[in-house]
Amino acid sequence: GGSEVRKITLSSAGHSLHGELQAGADKRRVLAVLGHPNDLAGGAEIYRAGKSSGIKIVYENYKIKTITAGPLD
């Protein structure tokens, strides 16, 4: 237990990450902000910040469905 946030998942357009990445944004916006992903896993694009952390983006119809930032499982 601690008071820090280690992982966050965004699934509504009310919140965004760096570069205005939010649910509902299209894939072109992600490419403009993050470039091409490092990996693909189970239909999600993975942008690594380190060996076991980064950003995972899941799309639905070429629009962001969810963004998860933090440890990658």
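Structural data are supplied above this passage.
About the cut-offs
- Residues numbered from 1 in each chain as written.
- Predicted model: local features only at pLDDT ≥ 70, side-chain atom pairs only at ≥ 80, totals over all residues.
- Heavy atoms only, no water.
- Salt bridge = Lys/Arg side-chain N within 4 Å of Asp/Glu carboxyl O.
- Helix = DSSP H or I, 4+ residues; strand = E, 2+ residues; numbered from the N terminus.
- Buried < 20%, exposed > 50% of the residue type's maximum accessible area, 1.4 Å probe, protein only.
- Pairing = 2+ DSSP bridges.
- Axes fitted to C-alpha atoms, helices over the stretch in contact; angles between N-to-C directions.
- Contact = heavy atoms within 4.5 Å.

K.L.:
Sorry, what's going on with the pattern of salt bridges here?
P.N.:
Close approach of charged atoms allows side chains with opposite charge to pair. Tallying each qualifying case throughout the model produces four salt bridges. Two residues, Lys 65 and Glu 60, come together in a salt bridge whose shortest N-O distance is 3.8 Å.

K.L.:
Explain the environment of Gly 2 here, please?
P.N.:
Its location among the elements puts Gly 2 in the segment before strand E1 (8-10). We classify Gly 2 as exposed; its relative accessible area is 68%. Between the alpha carbons of Gly 2 and Tyr 62 there is a distance of 36 Å; along the sequence they are 60 residues apart.

K.L.:
Teacher, can you tell me more about the sheet that holds strand E5 (residues 63-71) here?
P.N.:
On the basis of which strands lie adjacent, the open sheet formed by five strands has the order E1-E5-E4-E3-E2 and antiparallel pairing. A strand with exactly one partner marks an edge of an open sheet, and here the two such strands are E1 and strand E2 (39-41). Neighbouring strand axes in the sheet, compared pairwise and without regard to direction, differ in orientation by 20° on average. Across eight bridges, the pairing between strand E4 (residues 53-60) and E5 is antiparallel. Residue Lys 56 lies in a different strand from E5, and its bridge partner there is Thr 68. Most of the contacts of helix H1 (residues 27-34) go to E4, to which it runs at about 160°, and overall it touches strand E3 (44-48), E4 and E5.

K.L.:
What exactly am I supposed to notice about unusual backbone geometry here?
P.N.:
In terms of backbone geometry, most residues other than glycine have negative phi values and most peptide bonds are trans. Notably, Asn 61 is not glycine yet its phi reads approximately 55°, a positive angle. For Asn 61, the position within the fold is in the loop between E4 and E5. Positive phi, normally seen in glycine, also occurs at Tyr 62, with a value near 65°. Looking at where Tyr 62 falls in the secondary structure, it is placed in the loop between E4 and E5.

By themselves, these are just geometric observations and shouldn't be taken as functional.
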